[in-house]
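Observations on the three-dimensional arrangement
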Amino acid sequence: MKKALILSGGGARGAFQVGVWKYLREINWTPDLICGTSIGAVNAAAIGSGMSVERLADIWRTHNRSEIYRLKTLHFLRSALRGKPLKSLLDEAPLRAMLTRNLDIEALRQSPIEIIISAVHLATGRLHLYNQAVIEIDHLMASSAMPILFPWQPIHGELHWDGGVMANSPLFIALERKVEEIIVVLLSPVGQRPLPPPASLREGLELVFEHFLIGSYQTAMPVFNGQEAAEFSPQPRISVVAPSQMLGFTSLLNFSTRQVNRLINAGYHNARRQLG
C-alpha cells in the first residue's frame, strides 16, 4: 500500500478537509487508504462513495446549523442540575437525516479506496475500526458522537461514541500497514507552528482542547525520533496540512456558510503551501 490520507476529527472545522481534498484532486494525488475519525469519518465516507469534491463542498456550504443539529438546552440542564439520566445538549436527528439523504452507502461498498473509520465502545473504552464493507449510517453517527454534546449511538446494539476520544488522528492505522506516503490533515494549528503561552483562562482552556485534538498524532510521531523507528523500514514520508491560526471553541459547531467558505479556502491554500 503506497498512499494514505488521515482525516482528523474537529466538528465543523471539517470543511478545512474539503479544501485539502480539492487540492489533492488537482494534483492527481489519490490515496489507497483513507482513515477518518468523527467529521473526518464523514468526509472519508463521502470521498469513498465517489462523491465529487464539488458536490462535497456544495453539501458543506448549503447545510446550515439547523440541518446538522438542534439544541436541547432545557432537557440538558434538567438532567445536569436535577441529577436525572444524562441527556445530550444536541439532537443528532438532523445529521442522521442529512447523511441518509446524501451518502450512497452502496457506492461506498464498491470503493477502490479502502475507507477505515473509528468509534469508541462506551463500556470498554476500546477503539473499534470499521471499513467500507460494513460501514452504515449508524457507524458514522457513532464516530461523530462528541461526548455530552451528542448522544452515544448503538452499533448492533452496543453503545459507542466519538472515535476522537481515543484517536482523533488515526495515523497509527497507516503506520501499522507500512504505508509509504502519508498525508495527515489536522484541524488544529498546535504543533505545526510556535504559539505563545495563553494569556487568559479562555485561551488556556482552548489550548488544552487543541492539545486533545492533536494528541493521538503527536503520540504516534515519536517512534521516528528514537530506536523504534527501525520497526518502520523503510520509513514512511509523512506530510501534514493544518490550519495556520487558532480557530476557537465556537468553530467546532459553526456550520455557517461564511465559516465553511473560509475553511475550504484555507484548506486548499494551506495544502498547496504546506505540501509544496
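Throughout what follows, the structure given in this document is the object of discussion. (Residues numbered from 1 in each chain as written. Predicted model: local features only at pLDDT ≥ 70, side-chain atom pairs only at ≥ 80, totals over all residues. Heavy atoms only, no water.)

1. Here's the deal with helix α2 (residues 39-48)
Defined as follows: Note on exposure labels: buried denotes an accessible area under 20% of the residue type's maximum, exposed denotes more than 50%, and partly exposed covers the range between, all computed with a 1.4 Å probe on protein chains only. The helix count covers DSSP runs of H or I at least four residues long, the strand count covers runs of E at least two residues long, and both are numbered beginning at the N terminus.
Across the 10 residues that make up α2, a large majority, 10, are buried. Of the residues flanking the end of α2, it is Gly50, one or two places downstream, whose phi is positive at about 90°.

2. Thoughts on the nonpolar core
Convention followed: Residues belong to one nonpolar core when they are buried, are Ala, Val, Leu, Ile, Met, Phe, Trp, Tyr or Cys, and are joined through side-chain atoms within 4.5 Å. Contacts: residue pairs with any heavy atoms within 4.5 Å of one another.
Ranked by internal contacts, the top residues of the largest apolar core, which has 62 residues, are Leu5, Leu24, Ile34, Trp60, Leu99, Ile115 and Leu140. When neighbours within four sequence positions are excluded, Leu24 is seen to be in contact with Leu5, Trp29, Ile183 and Leu275. Counting residues in hydrophobic clusters, the runner-up holds 21 residues, among them Ile6, Ala174, Val179 and Ala242.

3. Focus on helix α5 (residues 93-102)
Put simply, the rule is: Each direction from the helix axis to a C-beta atom contributes to the arc, which is the arc of those directions.
Of all the residues in α5, the buried ones are Pro94, Leu95, Met98, Leu99 and Asn102. Buried residues of α5, viewed axially, fall in a sector of 130°; they line one side. Its buried side turned inward, α5 meets α2, α3 (53-62), β3 (70-71), β4 (90-91) and α7 (137-143).

4. Some thoughts on the side chain of Ser49
Tracing the backbone through its elements, the reader meets Ser49 in the loop between α2 and α3. Ser49 gets classed as buried once you look at its relative accessible area, which sits at 13%.

5. Looking at the packing of aromatic side chains
So the rule is basically this: Classification of ring pairs uses Phe, Tyr and Trp, with its six-membered ring standing for Trp, and accepts pairs whose centres are within 6.5 Å; under 30 degrees between planes counts as stacked, over 60 as edge-to-face, and the remaining range as tilted. Throughout this description, the term charge over a ring refers to an Arg CZ or Lys NZ atom that lies within 6 Å of the ring centre and within 35 degrees of the ring normal.
One pass over the structure, following the stated rule, counts 7 aromatic pairs. For the ring pair Tyr23 and Tyr268, a centre distance of 6.0 Å and an interplane angle of 80° mean the geometry is edge-to-face. With Tyr23 in helix α1 (residues 15-26) and Tyr268 in helix α11 (residues 257-274), the pair connects residues that are 245 residues apart, well separated along the chain. The same class applies to Tyr23 and to Tyr268, which are both buried. For the pair Trp60 and Phe255, a centre-to-centre distance of 5.9 Å together with 25° between the ring planes defines the contact as stacked. One end of the pair, Trp60, is in helix α3; the other, Phe255, is in the loop between β10 (237-241) and α11, and 195 residues separate them in sequence. Above the ring of Tyr268, the side-chain terminus of Lys22 is found at 5.2 Å from the ring centroid.

6. As for the pattern of salt bridges
Inclusion rule: Just to be clear on terms, a salt bridge is a Lys or Arg side-chain nitrogen sitting within 4 Å of an Asp or Glu carboxyl oxygen.
Taken as a whole, this structure holds 7 salt bridges when the rule is applied. Where Asp138 meets Arg96, a salt bridge forms, and the shortest distance between an N and an O atom there is 2.8 Å. Placement of Asp138 in helix α7 and of Arg96 in helix α5 is noted, with a sequence separation of 42 residues between them. A relative accessible area of 31% means that Asp138 is categorised as partly exposed. Arg96 gets classed as partly exposed once you look at its relative accessible area, which sits at 26%. Between Glu181 and Arg237 there is a salt bridge, with its nearest N and O atoms 2.8 Å apart. With a gap of 56 residues between them, Glu181 in strand β9 (residues 181-185) and Arg237 in strand β10 connect regions that are remote in the sequence. When its relative accessible area of 53% is taken as the criterion, Arg237 is described as exposed.

7. Here's the deal with the packing of α1 against α2
Rules: Axes here refer to lines fitted to C-alpha atoms; in helices the fit is confined to the stretch in contact. Angles between the N-to-C directions go from 0 to 180 degrees. Should the near helix be turned anticlockwise from the far one by less than a right angle, the crossing is left-handed, and should it be turned clockwise, the crossing is right-handed. By the convention adopted, Pro, Cys, Tyr, Trp, Phe, Met, Ile, Leu, Val and Ala count as nonpolar, Lys, Arg, Asp and Glu as charged, and the other residues, Gly among them, as polar.
The interhelical angle for the contact between α1 and α2, taken along N-to-C directions, is 35°, at an axis separation of 10 Å. Pair α1 / α2 crosses with right-handed handedness. Contacts between α1 and α2 involve Gln17, Val18 and Trp21 from the first element and Ile39, Gly40, Asn43 and Ile47 from the second. Looking at the contact of α1 with α2, its residues break down into 4 nonpolar, 3 polar and no charged.

8. Some details on the pairing of strand β6 (residues 127-131)
Definition in use: Note: two strands are recorded as paired if DSSP finds a minimum of 2 bridges between them.
Here strand β5 (residues 114-121) runs beside β6; their pairing, made up of 5 bridges, is antiparallel. Bridge pairing links Ala119 to His128 in β6. Remark: 5 residues form the turn of the hairpin made by β5 and β6, two consecutive strands paired antiparallel; Gly125 in that turn has positive phi of roughly 75°.

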